[in-house]
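What the coordinates show
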Amino acid sequence: SDLEDTPDFVARHDLEPWMTEALQMLTPAQRATVMRDVERARNPTGVVMSRIRQCVPVERRVEMFISVNDLSEGVADRLSTLTAEQCENVMESGLKLQGATNPSGVAMKRITTALKLFRGKGGRPVQLSGGRHAGPPLPAAGARFGRSQ
């Protein structure tokens with residue numbers, strides 16, 4: 001389940017090409033969990049996506065969602081103002097916006113719906129790591145800023 005094996009894994013299990021990028025955004029431990037024992041699965045895509053949902057924090061899945069759909073900066077900024085619950089709602093149908101000719105437009109519509117649905121529920125916004133295509137792993141809180149002696 002090394003990073004280099006990811007495209008082979010995707011091809012071998014007939015997964016959609018965008019899943020290579022999604023899997024490469026996982027930590028090695030997450031990748032190992034998500035990619036194990038898929039051989040006998042009737043629906044490998046479903047198994048992999050379900051495992052990603054189970055073992056990857058919502059913040060990271062939002063970053064994956066932004067990346068695999070190549071969402072605009074504006075949509076990414078808007079997603080960063082949502083709570084975890086609202087983000088889950090936006091991504092309900094999966095990480096990839098299937099067949100969308102304008103994924104950013106579709107995502108914005110879903111964000112608007114999620115905001116209406118969860119209006120007044122409260123909760124803190126998700127903490128995204130910034131950078132459009134930030135790869136693994138996410139830095140620990142505060143790790144981004146070097147300590148001055």
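Residues numbered from 1 in each chain as written. Predicted model: local features only at pLDDT ≥ 70, side-chain atom pairs only at ≥ 80, totals over all residues. Heavy atoms only, no water.

1. Description of helix 8 (residues 103-117)
For helix 8, spanning 15 residues, the distance from its first C-alpha to its last is 21 Å, which sits close to the expected 21 Å at 1.5 Å a residue. Those residues of helix 8 not exposed but buried are Pro103, Ser104, Ala107, Ile111 and Ala114. An end-on view of helix 8 places all buried positions within 90° of arc, on one side of the element. Turned more than 90 degrees away from the buried face of helix 8, the exposed residues are Lys109, Lys116 and Leu117. Elements in contact with the buried residues of helix 8: helix 5 (58-68), helix 6 (73-79) and helix 7 (84-90). (Helix = DSSP H or I, 4+ residues; strand = E, 2+ residues; numbered from the N terminus. Expected span 1.5 Å × (residues − 1). Buried < 20%, exposed > 50% of the residue type's maximum accessible area, 1.4 Å probe, protein only. Arc of directions from axis to C-beta. Contact = heavy atoms within 4.5 Å.)

2. Thoughts on the pattern of salt bridges
This structure, assessed with the given rule, holds 3 salt bridges. For glutamate 63, the salt bridge goes to arginine 60, with nearest N and O atoms at 2.7 Å. Of this pair, glutamate 63 and arginine 60 both sit in helix 5, 3 residues apart, which is roughly one turn of the helix. Note on glutamate 63: relative accessible area 7%, which makes it buried. Accessibility expressed as a relative area gives 3% for arginine 60, which makes it buried. Glutamate 88 is the partner of arginine 61 in a salt bridge, and the nearest nitrogen-oxygen pair spans 2.7 Å. Taken together, the residues span a long stretch of sequence, with arginine 61 in helix 5 and glutamate 88 in helix 7 at a distance of 27 residues. (Salt bridge = Lys/Arg side-chain N within 4 Å of Asp/Glu carboxyl O.)

3. Things to note about the nonpolar core
Formed by 36 residues in total, the largest nonpolar core has its most connected members in Leu23, Val48, Ile52, Phe65, Leu79 and Leu95. Looking at this core, the elements that each hand over two or more residues are helix 1 (6-12), helix 2 (18-24), helix 3 (28-35), helix 4 (44-55), helix 5, helix 6, helix 7 and helix 8. The element contributing the most residues to this core is helix 5, with 6 residues. With near-sequence residues (within four places) excluded, isoleucine 52 lies in contact with Leu23, Leu26, Val34, Arg61, Met64 and Leu95. (Core = buried A, V, L, I, M, F, W, Y, C linked by side-chain atoms within 4.5 Å.)

4. Here's the deal with the environment of phenylalanine 9
Turning to its location among the elements, phenylalanine 9 is positioned in helix 1. Put simply, phenylalanine 9 and methionine 35 are 26 residues apart on the chain and 7.9 Å apart in space, counted from C-alpha to C-alpha. Ignoring sequence-local partners within four residues, the contact set of phenylalanine 9 consists of Leu15, Leu23, Met35, Val38 and Val48.

5. Quick notes on helix 4
With 12 residues, helix 4 should reach 16 Å at 1.5 Å per residue; the first-to-last C-alpha distance of 16 Å fits that figure. For helix 4, the set of buried residues is Pro44, Val48, Met49, Arg51 and Ile52. All buried residues of helix 4 fall inside an arc of 160° around its axis, so they share one side. On its buried face, helix 4 is in contact with helix 1, helix 2, helix 3 and helix 5.

6. Thoughts on the side chain of histidine 13
Assignment of secondary structure puts histidine 13 in the loop between helix 1 and helix 2. On the basis of relative accessible area, histidine 13 is assigned to the buried category, the value being 10%. For histidine 13, the contacting residues outside a window of four places in its chain are Val38, Glu39 and Pro44.

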